[in-house]
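Residues per chain, in single letters:
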Amino acid sequence: SDVYKRQGADRATVGALVSVLFIAASNLRRLVRERENLFFVFVLPLALILVLGVTLGGDEPRIGVYVEGGVTPGAQQLIDGLGEVDGVGVEVFDDLGAATDELEREDITALVVIPAGYEDTIASGGTTEIEYRVIPISGGFEMQSLVRSVIADQNTVIRARRVVAEQTGLPPAQASERVAALSEDITAASVSTVDADGDRYVESDAVGFVAAQELILFMFLMSMVAASELIRSRQLGVTQRMLATPATTAQIIAGEGLGRFAVALIQGAFIVGATALMFGLDWGSWPATTAIIVSFALVATAAAMFVGALVTNESQTVAIGMALGLAFAALGGCMVPFEIFPGWLRSLAHITPH
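Owing to the predicted nature of the structure, the values given are computational and were not obtained by experimental measurement.

1. Here's the deal with the overall build of the protein chain
Then, number 1: Scanning the protein chain for helices and strands turns up 14 helices and four strands.
Then, number 2: The burial tally for the protein chain puts 38% of its 354 residues in the buried class.
Then, number 3: Looking at the protein chain alone, contacts between residues at least 24 apart form 71% of all its contacts between residues at least 6 apart.

2. Details of the nonpolar core
Then, number 1: In this structure, Ile49, Leu215, Leu217, Met219, Phe220 and Trp283 are the most contacted members of the largest nonpolar core, which totals 27 residues.
Then, number 2: The set of elements that each furnish at least two residues to this core consists of α8 (206–226), α11 (249–278) and α12 (286–310).
Then, number 3: Looking at which element gives the most residues to this core, the answer is α8, with eleven residues.
Then, number 4: Apart from residues lying up to four places away in sequence, Leu217 is in contact with Ala329, Cys334 and Met335.
Then, number 5: Core analysis: the next-biggest nonpolar cluster, separate from the first, contains 19 residues, Ile79, Leu82, Tyr118 and Ile130 among them.

3. Remarks on the packing of helix α3 (residues 73–83) against helix α6 (residues 144–168)
A pair of packed helices is captured by two measures, namely the crossing angle of their axes and the spacing between those axes.
Then, number 1: Packing of α3 against α6 brings their axes to within 9 Å, and their N-to-C directions diverge by 140 degrees. It follows that α3 is oblique to α6 by the angle criterion. Considering only the axes of α3 and α6, their crossing is right-handed. Of the residues in α6, those in contact with Gly74, Gln77, Leu78, Gly81 and Leu82 of α3 are Val147, Val150, Ile151, Gln154 and Arg161.
Then, number 2: Class assignment for the residues of the contact of α3 with α6 results in five nonpolar, four polar and one charged.

4. Here we look at the pairing of strand β1 (residues 62–67)
Then, number 1: In terms of residue burial, β1 counts as a mostly covered element, since five of its six residues are buried.
Then, number 2: Taken together, the five bridges between β1 and strand β2 (residues 89–93) define a ladder with parallel strand orientation. Each residue of the ladder has a partner; that of Tyr66, found in β2, is Phe93.

5. Observations regarding the pattern of salt bridges
Then, number 1: Taken as a whole and judged by the stated rule, the model has three salt bridges.
Then, number 2: Among the ionic pairs, Arg105 bridges to Asp107, the shortest N-O distance being 3.1 Å.
Then, number 3: Since its relative accessible area comes to 53%, Arg105 is described here as exposed.
Then, number 4: Linking Glu256 and Arg260 is a salt bridge whose minimum nitrogen-to-oxygen distance equals 3.4 Å. Highlighted residues: Glu256 and Arg260, both in helix α11, separated by four residues, approximately one helical turn.

6. Regarding the layout of surface pockets
Then, number 1: Empty space within the second largest pocket amounts to approximately 340 Å³.
Then, number 2: As for the second largest pocket, its lining consists of Gln77, Leu78, Asp80, Gly81, Glu84, Val85, Ser149, Val150, Asp153, Gln154, Val157 and Arg161.
Then, number 3: Only α3 and α6 provide two or more residues apiece to the lining of the second largest pocket.
Then, number 4: Here the element with the most residues in the lining of the second largest pocket is α6; it accounts for six residues.

7. Some details on the packing of helix α9 (residues 228–235) against helix α13 (residues 314–331)
Then, number 1: For the pair α9 and α13, the least separation of the axes is 8 Å and the interaxial angle reads 175 degrees. Accordingly, the angle class assigned to the pair α9 and α13 is roughly antiparallel. Residues Ser228, Ile231, Arg232 and Gln235 of α9 form the contact with α13, whose own contacting residues are Glu314, Thr317 and Val318.
Then, number 2: Taken together, the residues that form the contact of α9 with α13 break down as two nonpolar, three polar and two charged.

8. Focus on the sheet that holds strand β4 (residues 131–133)
Then, number 1: Taken together, four strands build an open sheet; the order of strands is β2-β1-β3-β4 and the sheet is mixed. Of all the strands in the sheet, just β2 and β4 have a single pairing partner and so form its edges. Ignoring strand direction, the axes of neighbouring strands in this sheet form an average angle of 25 degrees.
Then, number 2: Packing against the sheet, helix α4 (residues 96–104) makes contact with β1, β2, β3 (110–114) and β4, and its axis sits at approximately 160 degrees to β3.

9. With respect to the packing of aromatic side chains
Then, number 1: All told, the structure shown has two aromatic pairs when counted by the stated rule.
Then, number 2: For the pair Phe220 and Phe296, a centre-to-centre distance of 6.1 Å together with 45 degrees between the ring planes defines the contact as tilted. Residue Phe220 is found in helix α8, and its partner Phe296 is found in helix α12; the two are separated by 76 residues along the sequence. Of the two residues, Phe220 and Phe296, both sit in the buried class.
Then, number 3: Aromatic side chains Phe220 and Phe328 sit 5.9 Å apart centroid to centroid with 45 degrees between the ring planes, which places their arrangement in the tilted category.

10. Things to note about the environment of Gly308
Then, number 1: Looking at the element boundaries, Gly308 is found in helix α12.
Then, number 2: Exposure remark for Gly308: the relative accessible area of 0% places this residue in the buried category.
Then, number 3: Through-space distance from the C-alpha of Gly308 to that of Ala226 is 8.8 Å; in sequence the pair is 82 residues apart.

11. A closer look at a negative patch on the surface
Then, number 1: A surface patch of negative charge is lined by Asp94, Asp95, Asp101 and Glu104.
Then, number 2: With respect to the helices and strands, Asp95 occurs in the loop between β2 and α4.
Then, number 3: Look at Asp95 and you get partly exposed, because its relative accessible area is 44%.

12. As for the confidence of the model for the protein chain
Then, number 1: Residues at a pLDDT of 70 or more form 82% of the protein chain, whose mean pLDDT is 79.
Then, number 2: Across the protein chain, the secondary-structure element scoring lowest on mean pLDDT is helix α7 (residues 172–184), at 69, and the one scoring highest is α12, at 93.

How each quantity is defined
- Residues numbered from 1 in each chain as written.
- Predicted model: local features only at pLDDT ≥ 70, side-chain atom pairs only at ≥ 80, totals over all residues.
- Heavy atoms only, no water.
- Helix = DSSP H or I, 4+ residues; strand = E, 2+ residues; numbered from the N terminus.
- Buried < 20%, exposed > 50% of the residue type's maximum accessible area, 1.4 Å probe, protein only.
- Contact = heavy atoms within 4.5 Å.
- Core = buried A, V, L, I, M, F, W, Y, C linked by side-chain atoms within 4.5 Å.
- Axes fitted to C-alpha atoms, helices over the stretch in contact; angles between N-to-C directions.
- Parallel < 35°, antiparallel > 145°, perpendicular 65-115°, else oblique.
- Left-handed = near helix turned anticlockwise from the far one by under 90°.
- Nonpolar A, V, L, I, M, F, W, Y, C, P; charged D, E, K, R; others polar.
- Pairing = 2+ DSSP bridges.
- Salt bridge = Lys/Arg side-chain N within 4 Å of Asp/Glu carboxyl O.
- 1 Å grid on protein atoms, 1.4 Å probe; cavity = no way out; pocket = protein on both sides within 12 Å on 5 of 7 lines; lining within 4 Å.
- Points joined across faces, edges and corners; volume = space filled by probe spheres on them.
- Phe/Tyr/Trp six-rings, centres within 6.5 Å; stacked < 30°, edge-to-face > 60°.
- Patch = residues over 30% accessible without salt bridge, like charges linked within 9 Å, V, L, I, M, F, W, Y side chains within 5 Å.
- Areas by Shrake-Rupley, 256 points an atom, 1.4 Å probe, with all protein chains shown as cover.
- Lys, Arg positive; Asp, Glu negative; His and termini not counted.
- Charge placed at Lys NZ, Arg CZ, Asp CG, Glu CD.
- pLDDT = per-residue confidence, 0-100.

Below, the structure is given as structure tokens:
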């Protein structure tokens, strides 16, 4: 008797699992049959990642330099210092108007205007101002710290020459040689960036930065849009027919939820796999990446089931799902870098799962 009971329980468990899987598979078939869904799941995410990645990555940043009154030895040393910055190109202009035109066309990232008598003013202990011009809407501010660092280094050398000349009575040329000889013996400190475990941290490129944003955005967005399938099932009588079968209400809900979960999981796995293969993108720790995708797929599934259970109209489901998906993505940092948010907005952003 106990054996028959256990066999019956096993058959019931297998039957329940088959019912859940069958309902989930039916949801996926309905999703795949609509061509526009394939576009949003497979084509659009990669297209956005590629376009935005290329746009943000761009070419080598270029700094334009204009020296009022012509290039002097001191100005040339500053130009050489800017040229030694890794990954930055420098172009010297003879005409300020031409340099400004290229800046406005965004052919150069920024423009440094060096005033006449730059070195003499610093050497005499005075203060001069170097203009750093950018187009605000296009950025270029991240390079400002590099320019300031190069200028500060040269200012230090120029003032050191003045001090050496005053204290030793040497002519300016010999004072410059003495400072140059001393600076060669000084080893500058280097800075390395590491993660919390002390391992060297390599910043992601533009494609990787965009891919991480689009991964979260599309997983949630497609799950919300797929919530309309719950409404369609009710409208077409599919739900009523399922309730007429031996499947329980819990099994039907589990099957519908598994279908939503599969959509989000496929979306996330495709973006990660495609960007790794096509762009050579390094997603870091694969167990950690998998855990994040699975966790966020569960979150997206819960949100989709919640909206699908509350709304009774299919078009309303799509509208609400798109609105919530895009609003959460914008507030959660999936459309613009999270770091540019003010402090209060960064705190508010934590109400979103993104």
